[in-house]
Amino acid sequence: LLNETFLIYNTKQNLPASNCKQIIPITNNLWLLCTSGGACFFDGKNISPFYEQKTENVSCADYNALGNKIALGHYYSTVDVYDCSTKKLLTQVHTDAQILSVKFLQDTALLIGTNKQGLLLYNFKTTETTNFSTQLSLLSIYSMAVDKETVWAGTDKGLFYIKGNE
């Protein structure tokens, strides 16, 4: 057998809840962890609070290195966008849907995957939220990836792609 070492991090080590739903790399030795009890940072050894602010019901997150921002999606229809330099809340995006996934589109927009209401697009400049693609409007968007001009969406009906917002 292989010589393996296991170390469990849970609420006893300051994880906000025992369900770690997503791990987002921030730097080489810092990750953002998402739990139903909130978000926190992990440096490979220690868990620390998310900017000394209480976050709850975090369903997903994304980090934008270009703008040094973190987006936290909440189950209850809100996305919070934070500036990592100032550790302050920049904006709150309110939707009428349960948030399942978020993904920055460079520094200009944020894709928001919802439960049975498709894919939304929040424009940071206009502060407007619109439907990104009518083709996906009734689907649950669990995950997303961006490859140049193509957005890939993992849904409850399979893997979809949108090229150039077609």
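Please refer to the structure placed before this passage.
Quick notes on the rules
- Residues numbered from 1 in each chain as written.
- Predicted model: local features only at pLDDT ≥ 70, side-chain atom pairs only at ≥ 80, totals over all residues.
- Heavy atoms only, no water.
- Helix = DSSP H or I, 4+ residues; strand = E, 2+ residues; numbered from the N terminus.
- Contact = heavy atoms within 4.5 Å.
- Core = buried A, V, L, I, M, F, W, Y, C linked by side-chain atoms within 4.5 Å.
- Buried < 20%, exposed > 50% of the residue type's maximum accessible area, 1.4 Å probe, protein only.
- Phe/Tyr/Trp six-rings, centres within 6.5 Å; stacked < 30°, edge-to-face > 60°.

What is the right way to look at the side chain of Thr-55 in this model?
Note on placement: Thr-55 falls in the loop between strand 4 (47-49) and strand 5 (58-64). With sequence-adjacent residues up to four places away left out, Thr-55 is seen in contact with Gly-37, Gly-38, Ala-39, Phe-50, Leu-72 and Tyr-82.

Even after reading the chapter, I still don't get the nonpolar core, so can you show me in this structure?
Soluble globular proteins: nonpolar side chains tend toward being buried together. Among the nonpolar cores identified, the biggest contains 15 residues, and Ile-26, Leu-32, Phe-41, Phe-50, Tyr-51, Ile-70 and Leu-72 are the most heavily contacted of them. Among the secondary structure elements, those contributing two or more residues to this core are strand 1 (20-27), strand 2 (30-35), strand 3 (38-42), strand 5 and strand 6 (69-74).

Explanation requested: unusual backbone geometry in the structure shown.
Negative phi values dominate among residues other than glycine, just as trans dominates among peptide bonds. A positive phi angle, near 55 degrees, is found at Asn-68, a position not held by glycine. Structurally, the position occupied by Asn-68 is in the loop between strand 5 and strand 6. Overall, Asn-68 belongs to the partly exposed group, its relative accessible area being 23%. Positive phi is not limited to glycine here, since Lys-116 has a value of about 65 degrees. With respect to the element layout, Lys-116 can be found in the loop between strand 10 (109-114) and strand 11 (119-123).

Sorry, what's going on with the packing of aromatic side chains here?
Pairs of aromatic rings are described using the distance from one ring centre to the other and the angle between the two planes. Under the defined criterion, the tally for this structure stands at 10 aromatic pairs. The interplanar angle of 70 degrees and the centroid separation of 4.7 Å between the aromatic rings of Tyr-9 and Phe-42 together place this pair among those described as edge-to-face. Of this pair, Tyr-9 sits in the segment before strand 1 while Phe-42 sits in strand 3, and the two are 33 residues apart along the sequence. According to the relative accessible area criterion, Tyr-9 is partly exposed, its value standing at 25%. We classify Phe-42 as buried; its relative accessible area is 13%.

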